[in-house]
Each structure stands twice: as structure tokens, then as C-alpha cells.
Amino acid sequence: MTAKPHLDREHARHLLGQMLRIRLFEERCAELYTQQKIRGFLHLYVGEEANAVGIACALSAADSIVSTYREHGHALARGIAMGPLMAEMYGKANGTSAGRGGSMHVFDRATRFYGGNAIVGGGLPLAVGLGLAEKLRGGAGVAVCLFGEGAVAEGEFHESLNLAALWKLPVLFVCENNLYAMGSAIERTESETAIFRKAESYRVEAHQVDGMDVVAVEVAALGALERIRGGAGPQFLECMTYRFRAHSMFDAQLYRDRAEVERWKERDPIRRFGDWATASGLLHVADIEALREAASAEVDAAVAFAEAGAWEPVEDLCRHTLMDAVPA
Amino acid sequence: MTTTYREAIKQAIRDALNRDERVFLMGEDVGRYGGCYAVTKGLLEEFGEARIRDTPLSESAFVGAGIGAAMAGLRPIVEIMTVNFSLLALDQIVNNAATIPHMSGGQFAVPLVIRMATGAGRQLAAQHSHSLEGWYAHIPGLKIVAPATLEDARGMLWSALEDPNPVLIFEQVNLYNMEAELAADAGAVPLCGAAVRRAGRDLSLVTYGASLHKSLVAAQLLATEGIEAEVIDLRSLRPLDDATIMASLARTRRILVVDEGWRSGGISAEICARVAEQGFYDLDAPPARLCGVEVPIPYPKHLEDAAIPQVETIHAAALELVRPSGRST
Ligand SMILES: Cc1ncc(C[n+]2csc(CCOP(=O)(O)OP(=O)(O)O)c2C)c(N)n1
């Protein structure tokens, strides 16, 4: 039997509410960036929210996540509180990493969030190690590894898939294929553009999923996790998705048509799920408004939390470069 | 009892596997083959496939997997065949292992041990003879050790596994067959702290790894000529034990750094800079260096020998420092 989400009113509210939280958080981040409250690189996830939310819904507390620099959505969906996340974007001491990582390096021990990683492909070997630890200890957790299709060209992708498959490790690889690695369209960089086929060549069961459909992603993730927990070894999902905004805040988007962006926006995962849920009677328009207002208030509170945060004292500059002990 | 450097490391790994169930070993050909330098021979039979893990030729993935497993609470020992191949895992070592504890605000430690062979001297030509340990010593967040004795080979692995930080252990290839006495109950050796291997008053030879043994022979030669060299074994390249170096310099007032690695930007440069910063007024002569010649290590024996410090060249450089040929004494 394949696992299916129970799509009742509560769950529909949860899915939509989570996507709205991510969307509103990031739209505020963009504003804060122009106000220079957030600096450095900022990679927004707008348009891709269904992937984070669908995957996170399928996970248990014992599972761990390895992510990329485009990880705010993953972090929020996983349950990292919005205040410390925003404070990390500011670089404040009350941020998730006391501000040391910033937007691209969110870590959270409590939710087993093993980091945003700013080296394309750099997180995949870590996820293999987390899966290996789980297997050696006989634990029930799965390591979920999220990455963009750009990472598929890196050697670390191939090494990691081979190793995870060879050792039958509990790892769920999730490729969020948004069709562009910075300005490089996938056809310009890959000889085989169906990414899931590459995973299959390592004898990893792989599926292509509509990444603009939160329920489809959740169903696919539940199935993959069920197979992993049943001992089938690593699984692979290719989520077909699209980022509505620029790669980072420095990108003039000369490499794609406005019309293409507009076409994809018609498949906006938030509007699409909201329309479906109201049409099917699961949610009322007022419910959606309430969710939006709640998310907006949460973002306000997160900004206030970040604004109120202190800066790390310069005396602590080198703290944690070497650790005194392994955290318990 | 008399044993070898190779055997001392193997015993250290066995001890660790017996002492701590979180410890496991992985790397290319560590199991069925027994290790490319036969360090791990027999361990697969003794501890089984789960804890002695042969990996594919995927340096980046298995080093990264070691980092992930360490972050998750295990204590992996990763063997990279030689430092030359560690270049394919540089991303994981430098971008992940060295940064994550700091970048996560101390939420995650990386208690990982990476062992690898290093150095020239076996006529393996340029791509198998690098001495890049000094390079790694550039990186904050890593600890870099180079055991030159059996006690250190055995005892530093122990300490490395107890350390909450990523520790890279460099084993000079010519040391594996070295024989010496080793107490059956030899224990842990701290990761920091240089050792004075020979006391002297006329100059300090500061070195590590296989060059230590050449320096000790050179010191004996010098002694027959009435020159007493103090020989310092760094043992750790990061952190460097400045105090022991400066204390030795204060006694001898002359320093010669002997390093198989290249001179430009090497660990010898760092040591001389620290000597200039901290020991300038103790110096009776400019700090001197004898390093690997700046050339890809060549294959023929006579050229390879000429490319790295040897007893004769150490002796000559020491003599020059104490009794400069250009000046009358
Ligand atoms: C190893 C490496 N090379 C290059 C970069 C610069 N870079 C950052 S993001 C990116 C594109 C990655 O695209 P993809 O993996 O598809 O993820 P997306 O940004 O689309 O989410 C590049 C080239 C990097 N961070 N790391």
C-alpha cells in the first residue's frame, strides 16, 4: 500500500499556511535586502514552496535534513522558528547560528537541520554520512538531501549516489529542478536533462514529480520514505519547479524570457492549491485570508525579534573555530 | 617490545575499535586489500564489514560521509591513501569540516579523524610524492599532526579520536617500516606540544615527520665536530607550539627549520616568521631553512634525493649556520 496524506481541512490549512509563511517571509526578506538590513547573498525560493512543504510534511522528528544556500523554505517548513531564522539573516547574535552563517548557512540542532551549504553539491556527501550513521546505529531516521539540478553536474553528486546505493543507506535525495543554475538553462549544461534517469543509472528508484503541486510532492515523499524505512535503500525525487525571482539579488535575469516566467507563475503552487481547496469546499476564502494574516503577523514579529537582537561581541570572533567539546 | 610504525598505527586503530563502539574505519582498500601501506591488514577479519568499510574511489564522498557521520555522533577514522588524493576531497575538508562548527554557531562539532600518507622518498614521481601537510596547516578549524615516532603514531590517534575537532594525521611513507621499542601499554599523546628529541646548545633544528630522523643523524655528525644541535620535533603543525620553539632558540640562539615541503609559503616560512616576531632579539644569526627544492618531485633516485633534505644537506646547512664559510670565526 502506498502512503497517502489524509487531506482533511486541518491538513489543507497546514499545507497552505506553511507555503504562505515561506512566501511572506521571503518577500519581506527581499524588502529588507533593499533596506540593507540583510546583506551578502540572498537566494529566494519564491515559486518553489510546494517542495519544501510537501517534503517536510512527510518527515518525522528522527529524520535529518541537508540543504543548500536556498534553504529558508526548507528551514521554515522543518519547524525552525521564524524569529531566529530572520535574526540569522540579519547576522544577529539571536540568530540560529548566532549570525555567523547568514542566509546561506542555517543550522539547527533541535530539528536536525544540518545546514544550508553554499558549495553546490557539497551537502550530498554529508547526507550520505548521516544516513551511514543512522544505519550503523540501527536508527529509524532518514537523511533528506535537497539540492538544485545544477549540483547534478558535480562529481559529488555521482560519488554520493553511488555510495548511498552501494551501501543501501537511508537517504532521500530530492533534486529541485528549477531549470536554471544561475543563468545556465539545463539544456546548456546537461547531456541528459531528465535528471531522475541519472539516479536510475545508480539503481536508485527515482521519480519525477510536479513540484508546483504540494500534494503531489507530499505523496511522492511519503512513498519514498516508506520504501526507505522498509529497507529499500536510497530513493530519488526530481521535483519539477521554477523560481519566480532572480537567482540572487544581483541577477538581472538576461537569460530567460519574461513570458516564460509569467507562464510558470500561472502554476503558482500557493494560488493553485488555494483555488483547488476552495473549489472543493475544503477551505473558505476567509480561511485563506486568516492564514495570510497569521503569516504576516508572524513575519512582523520575526522582524521585530531580529531588530531587537544584539550583535555578537567582537571578542567572540574566534569562538567555535575549534570546539572545546562535542555538544551533548 | 620491538615493532614497526605501521604496527603501532594498527594497534592504535584496534584499541580504538575495541574501546569505543562509535569508531569505524573507512577508505579505499582498507579492508579486503589490507590498506595500501598494509596498516589495516587483518582488521576486516577481526571487526567485520560494518566497521571496516572499503569505499569506492570517491574521496570527496567518503570524506564528506565521514564528516556527516561525525556530526551525527559517530567517531569515523577516514583513511585517504595518500595526501595526493586528498586534493579530490579538499572541498569537504576545507569547506565543510573546517567551517561547520563555527558557521553553525557551535551547534555541530566534527569529531573526525583523517589519516593519510605523505611525502617523497619512494621514487613514485611527482603525483605521488607531495608533502602538503603545511598547506593544510593554513586552515583554521583543522588540527594537523605528523607523528614521527611509534609512541606518537599510536598515542596521537587516540587523542585525535577524543578531540571534538577534525584532526588530520600525516604519516610520512618512509616511516611505516621503521622499527623501535614500544611499550605494550603506550598511552595517549597530546595533539599539541613539540618535543625536544635531542638537547643541544649551539643551534636548534626544528623539524617533523621523516626529516626528524635525518636531523637526528645530522646532529650526531655535528657532535663529532664539537657542535651540539638541539632537535625539536614539532609533532603538530596546527597548532604550532611556539613556546617550545622560542625556548629552544633562547638556549641556542640559532635556528634551522628542516621541512620536506616546499619553501615558498610553507610551514617553514610560518615558523621563521614567528621566530622573527617572538624571538628576534634571541637570534645570533638569521633564521635558516632547508626545504624541499621547488620542483615537482622527480622519479630517478638521485634527483629525488636531491629534491628533499638529506642528512648531508642538513649537516651542511647547520654547519653554515654555526660557522659561516663566508666569514672568519
Ligand atoms: C561548487 C560551486 N560552484 C559554483 C558556485 C556558484 N553558484 C552558486 S548557485 C549556482 C547555481 C546552482 O544552481 P542549482 O544547483 O540548480 O540550484 P538553484 O540555485 O537553481 O536553486 C552557482 C553556479 C557554487 N556556489 N559552488
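Residues numbered from 1 in each chain as written. Chains lettered and ligands numbered in written order. Predicted model: local features only at pLDDT ≥ 70, side-chain atom pairs only at ≥ 80, totals over all residues. Heavy atoms only, no water.

(A) Summary view of the side chain of Arg75(B). Residues and elements named next belong to chain B. Turning to its location among the elements, arginine 75 is positioned in strand 4 (residues 75–82). Of the side chains with opposite charge, aspartate 20 lies nearest to the buried arginine 75, which makes no salt bridge, at 5.2 Å. Reaching out from arginine 75, the side chain makes a polar contact with the backbone oxygen of glycine 73 at a distance of 3.2 Å. (Helix = DSSP H or I, 4+ residues; strand = E, 2+ residues; numbered from the N terminus. Buried < 20%, exposed > 50% of the residue type's maximum accessible area, 1.4 Å probe, protein only. Lys, Arg positive; Asp, Glu negative; His and termini not counted. Salt bridge = Lys/Arg side-chain N within 4 Å of Asp/Glu carboxyl O. Polar contact = N/O pair within 3.5 Å; in protein donor to acceptor, adjacent residues only side chain to side chain.)

(B) Molecular detail of the pattern of salt bridges. Residues and elements named next belong to chain A. Under the counting rule described, the total for this entry stands at 33 salt bridges over all chains. Salt-bridge contacts for arginine 23 lead to glutamate 49; the nearest nitrogen and oxygen are separated by 2.5 Å. Residue arginine 23 is found in helix 1 (residues 9–34), and its partner glutamate 49 is found in helix 2 (residues 49–57); the two are separated by 26 residues along the sequence. The same class applies to arginine 23 as to glutamate 49, namely buried.

(C) Quick peek at the domain arrangement of chain B. Residues and elements named next belong to chain B. Considered domain by domain, chain B is made up of domain 1 (2–181) and domain 2 (195–326). For domain 1 and domain 2, the distance between their C-alpha centroids amounts to 27 Å. Taken together, both faces of the contact between domain 1 and domain 2 bury some 2,100 Å²; the carbon and sulfur share is 58%. One can count two salt bridges joining domain 1 with domain 2. The closest approach of N and O atoms between aspartate 152 and arginine 235, which form a salt bridge, is 2.8 Å. Where domain 1 touches domain 2, the interface holds 18 residue pairs in polar contact (both at pLDDT 80 or more). If you tally residues by element for the side of domain 1 that touches domain 2, the top one is strand 6 (residues 143–145), at three residues. Grouping the amino acids of the side of domain 1 that touches domain 2 by side-chain chemistry returns 16 nonpolar, ten polar and four charged. (Domains from an automatic or database assignment. Buried area = accessible area lost by both parts, 1.4 Å probe. Nonpolar A, V, L, I, M, F, W, Y, C, P; charged D, E, K, R; others polar.)

(D) Here's a closer look at the site of the ligand. All names here are of chain A. The local shell around the ligand holds 15 residues, among which Tyr69, Arg70, Ala118, Gly150 and Asn178 are the closest. At a separation of 2.7 Å, an oxygen atom of the ligand approaches a polar side-chain atom of tyrosine 69. Starting from 580 Å² of accessible surface for the ligand in isolation, the protein chains cover 72%. Taken atom by atom, the bulk of the ligand overlaps the largest pocket. Grouping the constituent residues of the shell around the ligand by class yields eight nonpolar, four polar and three charged. (Near = heavy atom within 4 Å. Areas by Shrake-Rupley, 256 points an atom, 1.4 Å probe, with all protein chains shown as cover. 1 Å grid on protein atoms, 1.4 Å probe; cavity = no way out; pocket = protein on both sides within 12 Å on 5 of 7 lines; lining within 4 Å. Sits in = over half its atoms within 2 Å of the grid points.)

(E) Quick look at the pairing of strand 5 (residues 113–118) of chain B. Residue and element names in this part refer to chain B. The buried count for strand 5 comes to six of six residues, which makes it a mostly enclosed element. Neither face of strand 5 is left uncovered, since the one carrying Val113, Arg115 and Ala117 and the one carrying Ile114, Met116 and Thr118 both have all their residues buried. As paired strands, strand 4 and strand 5 are joined by five bridges and run parallel to one another. From the neighbouring strand, isoleucine 80 faces strand 5, where its bridge partner is methionine 116. In this structure, strand 5 lies alongside strand 7 (residues 167–172), joined through six bridges in parallel fashion. Bridge pairing in strand 7 links valine 113 to valine 167. (Pairing = 2+ DSSP bridges.)

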